[in-house]
Amino acid sequence: MTQYHLNGRTALVTGGAQGLGEGMAHALAEAGARVVVADLQGELGAKVAESLGGPQAGNHGFVQLDVTDEASWQNAVVAAADDFGGLDVLVNNADVEISSLITEVDPKDIRTMLEVNFLGTALGIKHGLRAMRPDGVAGKGGSIINISSVAATIAFPGISIYSATKSAVDRLTRVASMEAGKLGYGVRVNCIYPGLVPTAMGAGLASDMAELGLFGSPEEAVGAVIDLTPSGRLGEVADMADAVVFLASDASRFVNGVGLPVDGGMGM
Ligand SMILES: NC(=O)c1ccc[n+]([C@@H]2O[C@H](COP(=O)([O-])OP(=O)(O)OC[C@H]3O[C@@H](n4cnc5c(N)ncnc54)[C@H](O)[C@@H]3O)[C@@H](O)[C@H]2O)c1
């Protein structure tokens, strides 16, 4: 079990101000990491950073980050290295979901999801690898964990564009892992496919399904998801957070370039 600890490591979690990212930040801190919460939402993000516990309680921090902006990434990575002791774990979690039938989709919404989910994750991988590789500002290798979705592995109605961006996250993960290995960066790159969790995003998605006329009510949409799930329930924040700790830690040292379903068996 000692291989699961993250003592002496610094982890940066994008979208850490709420929802799954907040839970991941808490779990990484409890496992021993010093955690940098990175988000657009300054007040909420700083509050989460202050509330984190574990052996590094009081030493965690917050950086303002817009994942779609390259200068913002440079600033966040340098802050992690200079002010928080390095960068060993990066969780690319920040994303947005805008539901629509494909016949009704607004190009503006497509661009928003491409910007945050695809460009944001690509820039995160870019700056994470550059910081962690031997000549980088952190320079000690590490683990990058991208948050994809069960939506990348099944065809759920009403979320075509979001699902496509999550499939893109999956491909980015695998190619980044291959490049990092070939070039001797000492960085593993993996992703997880969370099932539906009733965060702001997850609960919103169930309401959207009803509004789009795909299900009679949000409860019916949730029931349909549970029916498709062998474990017979929705996901919980801790289910995702524990998987991230595993992929961040040496317990997963020979796990590289994979997509790990954390969905109770819902996905294919
Ligand atoms: N909740 C679910 O059911 C579910 C299922 C599968 C996958 N996921 C994925 O898990 C991750 C977290 O989801 P969640 O439910 O916690 O979402 P959420 O909407 O509750 O939180 C998203 C966070 O990302 C931040 N964010 C958004 N745009 C940003 C930007 N440009 N730069 C920096 N931060 C930004 C927000 O401020 C927020 O704190 C996402 O990648 C999501 O796609 C969620």
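Our subject is the structure that appears above.
Owing to the predicted nature of the structure, the values given are computational and were not obtained by experimental measurement.

Chemist: Would you mind going over empty space enclosed by the protein with me for this structure?
Modeler: To find leftover empty space, a probe the size of one water molecule is rolled over the atoms. As enumerated under the stated definition, the model contains one cavity of 30 Å³ or more in all. If you add up the space inside the largest cavity, you get close to 40 Å³. Along the walls of the largest cavity sit Ile98, Ser99, Ser100, Val105, Met113, Gly158, Ile159, Ser160, Ile161 and Tyr162, which together make up its complete lining. The element contributing the most residues to the lining of the largest cavity is helix α5 (residues 160-182), with three residues. Across the lining of the largest cavity, the residue classes tally to six nonpolar, four polar and no charged.

Chemist: In this structure, what is going on with the sheet that holds strand β7 (residues 259-262)? I would like to understand it.
Modeler: Consider a sheet: its strands pair through backbone hydrogen bonds, and that pairing is either parallel or antiparallel. Taken in spatial order, the seven strands make up an open sheet running β3-β2-β1-β4-β5-β6-β7, and their pairing is parallel. Taken across any chain shown, the strands that pair with only one partner, and hence form the sheet edges, are β3 (61-64) and β7. On average, each strand axis in the sheet is tilted by 20 degrees relative to the strand beside it, whichever way the strands run. With four bridges joining them, strand β2 (residues 34-39) and β3 adopt parallel strand pairing. Across the sheet, residue valine 36 finds its bridge partner in β3, namely glycine 61. Set on the sheet, helix α2 (residues 42-51) makes contact with β2 and β3; between it and β3 the angle comes to about 160 degrees.

Chemist: Would you mind going over the site of the ligand with me for this structure?
Modeler: In the neighbourhood of the ligand, 28 residues make up the surrounding shell, with Leu20, Asp39, Asn93, Tyr162 and Thr199 lying closest. Between the ligand and the protein, one listed contact pairs an oxygen atom with a backbone N or O atom of asparagine 93 at 2.7 Å. Taken by itself the ligand offers 840 Å² of open surface, and the protein chains cover 93% of this. Structurally, the ligand is housed in the largest pocket. Looking at the shell around the ligand, the elements with two or more residues in it are α1 (19-30), α5 and α6 (200-211). Here the element with the most residues in the shell around the ligand is α6; it accounts for three residues.

Chemist: Is there a simple way to think about the packing of α1 against helix α8 (residues 237-248) in this case?
Modeler: Between α1 and α8, the least distance of the axes is 8 Å, while the angle of their chain directions is 50 degrees. Classified by the angle their axes make, α1 and α8 are oblique. In this structure, α1 crosses over α8, and the sense of that crossing is right-handed. In this structure, α1 contributes Gly19, Leu20, Gly23, Met24, Ala27 and Leu28 to the contact, and α8 contributes Val237, Met240, Ala241, Val244, Val245 and Ala248. Split by residue class, the contact of α1 with α8 holds ten nonpolar, two polar and no charged.

Rules used throughout
Residues numbered from 1 in each chain as written. Predicted model: local features only at pLDDT ≥ 70, side-chain atom pairs only at ≥ 80, totals over all residues. Heavy atoms only, no water. 1 Å grid on protein atoms, 1.4 Å probe; cavity = no way out; pocket = protein on both sides within 12 Å on 5 of 7 lines; lining within 4 Å. Points joined across faces, edges and corners; volume = space filled by probe spheres on them. Helix = DSSP H or I, 4+ residues; strand = E, 2+ residues; numbered from the N terminus. Nonpolar A, V, L, I, M, F, W, Y, C, P; charged D, E, K, R; others polar. Pairing = 2+ DSSP bridges. Axes fitted to C-alpha atoms, helices over the stretch in contact; angles between N-to-C directions. Contact = heavy atoms within 4.5 Å. Near = heavy atom within 4 Å. Polar contact = N/O pair within 3.5 Å; in protein donor to acceptor, adjacent residues only side chain to side chain. Areas by Shrake-Rupley, 256 points an atom, 1.4 Å probe, with all protein chains shown as cover. Sits in = over half its atoms within 2 Å of the grid points. Parallel < 35°, antiparallel > 145°, perpendicular 65-115°, else oblique. Left-handed = near helix turned anticlockwise from the far one by under 90°.

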